[in-house]
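The lines below spell out each chain.
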Amino acid sequence: MTKNNVIYLTEQGYHKLREELEHLRSVERPAISAMIAEARDKGDLSENAEYEAAKDAQGLLEIKIAKLESDLANARILDETRLNKNKVAILSRVRLLNHTTGKEVEYTLVSENEANLKEGKLAIGTPIAKALLGHKRGERVEVIVPAGKLDFEILDISV
């Protein structure tokens, strides 16, 4: 048996995952079952590509449902009011000066499930987020990324 890891989520992120799970269970699962039944009614299953495709889709859906169930079972909702604003941690909103490019950037460090770079939400497992964890305002942090080396200065930390 594999050890399940705790997944830290915001309340909003937790509810989003619950909604996705309910949609998969109540809409997607019945739709795939109907596709399988329709394909089964067409006759010989050994040469029925439609049936095989529907069964494959069902298998993938069940894997996704099981993953979401596991994630939700291991989820811990973070109380943003109790977070330390002096050091970078999960849910910190960090304003940085990228000394490599001379530009300011701002990220909120979130769980992998809530990451969305377009919204400035950076996954906690990324090289930048890992490098920033535990550092304080005013500190400089060097980050090795696939494109090379980045040099950040932490300008502000908030929640």
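Residues numbered from 1 in each chain as written. Predicted model: local features only at pLDDT ≥ 70, side-chain atom pairs only at ≥ 80, totals over all residues. Heavy atoms only, no water.

Trainee: Honestly, the pattern of salt bridges in this entry has me stumped. Any pointers?
Mentor: When their charged atoms lie close together, side chains carrying opposite charge are able to pair. Here the structure, examined in full by the defined rule, presents 12 salt bridges. Among the salt bridges present, the one from E62 reaches R29, with a minimum N-O distance of 2.9 Å. You can see E62 sitting in helix α2 (residues 49-73) and its partner R29 sitting in helix α1 (residues 11-40), a full 33 residues away along the chain. Since its relative accessible area comes to 28%, E62 is described here as partly exposed. Of the residues examined, R29 reaches a relative accessible area of 30% and is grouped as partly exposed. Note that K149 and E142 form a salt bridge whose closest N and O atoms lie 3.9 Å from each other. Both residues of the pair, K149 and E142, belong to the exposed class. (Salt bridge = Lys/Arg side-chain N within 4 Å of Asp/Glu carboxyl O. Helix = DSSP H or I, 4+ residues; strand = E, 2+ residues; numbered from the N terminus. Buried < 20%, exposed > 50% of the residue type's maximum accessible area, 1.4 Å probe, protein only.)

Trainee: Honestly, unusual backbone geometry in this entry has me stumped. Any pointers?
Mentor: Generally, phi is negative for residues other than glycine and the peptide bonds are trans, each holding for most cases. Of note in the backbone geometry, L91 takes a positive phi value of approximately 75° without being a glycine. Residue position: L91 is located in the loop between β2 (75-77) and β3 (93-98).

Trainee: Could you clarify how one ought to interpret the confidence of the model for the protein chain in this entry?
Mentor: Averaged over every residue, the pLDDT of the protein chain is 87; the share at 70 or more is 92%. Least confident of the elements in the protein chain is strand β1 (residues 7-9), whose mean pLDDT is 80; most confident is β3, at 94. (pLDDT = per-residue confidence, 0-100.)

Trainee: Can you walk me through the pairing of strand β7 (residues 148-158) in this structure?
Mentor: Across a regular strand the side chains alternate sides, sitting on one face of the sheet and then on the other. Strand direction decides the pairing type here: β3 and β7, joined by 6 bridges, are antiparallel. What sits directly across from V94, in β7, is I157. Bridge count for strand β6 (residues 140-145) against β7 is 6 bridges, and the pairing is antiparallel. Considered in β7, the bridge of I144 is made with K149. (Pairing = 2+ DSSP bridges.)

Trainee: Just to check I follow, could you spell out the side chain of E114 for this structure?
Mentor: Structurally, E114 is set in the loop between β4 (103-110) and β5 (121-123). Of the side chains with opposite charge, K121 comes closest to the buried, unpaired E114, at an N-O distance of 5.2 Å. Here E114 is in contact with Y8, L9, T10, G13 and K121, once residues within four sequence places are set aside. (Lys, Arg positive; Asp, Glu negative; His and termini not counted. Contact = heavy atoms within 4.5 Å.)

Trainee: What am I meant to see in the sheet that holds β6 here?
Mentor: In a beta sheet, neighbouring strands are held together by backbone hydrogen bonds and run either parallel or antiparallel to one another. Here we have 5 strands laid out as an open sheet, ordered β5-β4-β3-β7-β6, and mixed in their pairing. Bordering the open sheet on either side are β5 and β6, each of which pairs with just one other strand. Along the sheet, successive strands turn relative to each other by an average axial angle of 45°, direction set aside. One ladder, built from 3 bridges, connects β4 with β5; its direction is parallel. What sits directly across from V110, in β5, is A123. (Axes fitted to C-alpha atoms, helices over the stretch in contact; angles between N-to-C directions.)

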